[in-house]
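Descriptive structure summary
Listed here are the chains, written in short residue letters.
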Amino acid sequence: MIALLRRELLLAFRHPADTLAAMLFFLLVTALFPFGVGPAPEALARLAPGALLAAALLAALLPLDRLFGAEAEDGSLDQLLLSGLSGWEIALAKALAHWLTTGAPLLLAAPVAAAMLNLPEPAWGVAILVLGLATLFLSLLGTAGAALTLGARRGGVLLPLLVLPLAIPAMIFGAAGIEAAAGGVAVRPFLLLLGALTAAALPLAPLAAGAALRAE
Amino acid sequence: MLEANSLAVVRGGRVVFAGLSFNLGAGQALVLTGANGAGKSTLLRALAGLVPLAEGELRWRGAAAEAEGPESRLRYLAHAEALKPGLSVAENLAFWASCWGGAVEPALEAVDLAPLAGLPARLLSAGQRRRLALARLALAPVPLWLLDEPTVGLDAAAITRFGALLARHRAAGGAVVAATHVPLPLEGAGELRLRGAA
């Protein structure tokens, strides 16, 4: 499993375009908000938590439909299923690799996005923590979604329809957490709830994805 | 070693084949022939456990085939070479070596790719890609090889080398099931002709 994770990271390192595309997409979406809402700092700051999270989740969604699609097309998936790795191990390695190559780089871009949305500076630390947890949650959910839609026609459209509604809880608790940090209220309950969601997805999503891969 | 009892596979509501039985002992080889779409590849995938059986039973050394994990039992060579173009020849093979054991260098030697070890796989020709896929068979010994048109794209020299690889595998008690349209370097192989259930 470590070997698969290492291979994924090496591949992402050799082809950094996917990672860069997700980061740029995230920055561009957050940059669009000031144009639409107007440059009034208060209005932007009010929108910032939700906009940051929505943009990050959409950006992390971009490379998901190729997560297993590319493996299935070049025959690697068959070989992986015969490699002695169980389905959940393949899925967990894939999910972690997806987070490390898409979710984690978004955290580097997050301060820039937060500045563009005029998020109060004291909330930046919490915003990065929330984005980290929320994108990890999405990576896990998305891996299960990608495994389920593998082989379906128009899987690329089906995947967001399947995954984004399930990401709503992360959106609610995450945005509320950033807002609490910006308003100087206790952040802990929101972070704990978001953490609990991610902790629940950590074993469940790879198990579901693994079962879906086997059933293919 | 491998015993198939009246296997049937249904794909997309269509019976691909049914009532297929054969026995394969150590060192034996079985060549699958038949027209395009007769179900050769599907049978190989079913033997690998990648396609569910609608009917019938697959037994491995007297027990149900699923009882033993596929990694120590079989290697499957598919049409798709399962190579990552961004990785070098050696890196591609090293990943599978980490799953299955075995050493990369001798496996590359066996298919005459050692001089190209550092080359990115995207620069390989079709025949070289095929040879790199074949190198996976040479990594660590397993009792059963399932080969789907293994010699496609290979030149005469590569086929001779592949023949040597097959002979060594069978001399060590390994069995081979191969789907093909062309003669393979498999001496004394049985033939199973698939007609396809229309």
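Keep in mind the model is a prediction, meaning the values are calculated, not measured. (Residues numbered from 1 in each chain as written. Chains lettered and ligands numbered in written order. Predicted model: local features only at pLDDT ≥ 70, side-chain atom pairs only at ≥ 80, totals over all residues.)

So, the overall build of chain B
Looking only at helices and strands, chain B has 5 helices and 9 strands in total. Of the regular secondary structure in chain B, the N- to C-terminal order runs β-β-β-α-β-β-β-α-α-α-β-α-β-β. Over its C-alpha trace chain B gives a radius of gyration of 17 Å, about what one expects of a compact globule, namely 16 Å for 198 residues. The buried share among the 198 residues of chain B stands at 40%. Look at the contacts in chain B between residues 6 or more apart in sequence, and 72% of them connect residues 24 or more apart. (Helix = DSSP H or I, 4+ residues; strand = E, 2+ residues; numbered from the N terminus. Rg over C-alpha atoms; globule rule 2.2 N^0.38 Å. Buried ≥ 20, exposed ≤ 12 C-beta atoms within 10 Å, placed from the backbone. Contact = placed C-beta atoms within 7 Å.)

Describing the interface of chain A and chain B
With 16 residues of chain A at the interface, the matching set in chain B holds 18 residues. For the side of chain A that touches chain B, the elements supplying multiple residues, two or more each, are α1 (2-14) and α5 (76-81) of chain A. Here the side of chain A that touches chain B gets 5 residues from one element, more than from any other, and that element is α1 of chain A. Grouping the amino acids of the side of chain A that touches chain B by side-chain chemistry returns 6 nonpolar, 6 polar and 4 charged. (Nonpolar A, V, L, I, M, F, W, Y, C, P; charged D, E, K, R; others polar.)

Brief notes about the environment of Pro49 of chain A
All names here are of chain A. With respect to the secondary-structure elements, Pro49 resides in helix α3 (residues 41-61). With 26 C-beta atoms packed within 10 Å, Pro49 lands in the buried category. Taking the C-alpha atoms as reference, Pro49 lies 44 Å from Leu82; in sequence the two are 33 residues apart.

A short note on the packing of helix α6 (residues 87-116) of chain A against helix α7 (residues 124-149) of chain A
All names here are of chain A. As a packed pair, α6 and α7 sit with axes 8 Å apart at the nearest point and diverge in direction by 150 degrees. By the angle class used here, α6 and α7 are roughly antiparallel. Handedness of the α6/α7 crossing: right-handed. Across the interface between the two elements, Ala91, Lys94, Ala95, His98, Trp99, Gly103, Leu106, Leu107, Ala110, Pro111 and Ala114 from α6 touch Trp124, Ala127, Ile128, Leu131, Gly132, Thr135, Leu136, Ser139, Leu140, Gly142, Thr143 and Ala147 from α7. Considering only residue class, the contact of α6 with α7 consists of 15 nonpolar, 7 polar and 1 charged. (Axes fitted to C-alpha atoms, helices over the stretch in contact; angles between N-to-C directions. Parallel < 35°, antiparallel > 145°, perpendicular 65-115°, else oblique. Left-handed = near helix turned anticlockwise from the far one by under 90°.)

Some points on the UniProt feature "transmembrane region" (unreviewed entry) in chain A
Residues and elements named next belong to chain A. Mapped onto the present numbering, the UniProt feature "transmembrane region" (unreviewed entry) falls on residues 20-37, 43-62, 96-117, 123-150, 157-178 and 190-213. Across residues 20-37 one finds 100% helix and 0% strand; the C-alpha atoms that close the span lie 26 Å apart. The distance from the first to the last C-alpha atom of residues 96-117 is 29 Å, and the span holds 95% helix and 0% strand. (UniProt positions renumbered as here; feature names shortened; annotations may be inferred.)

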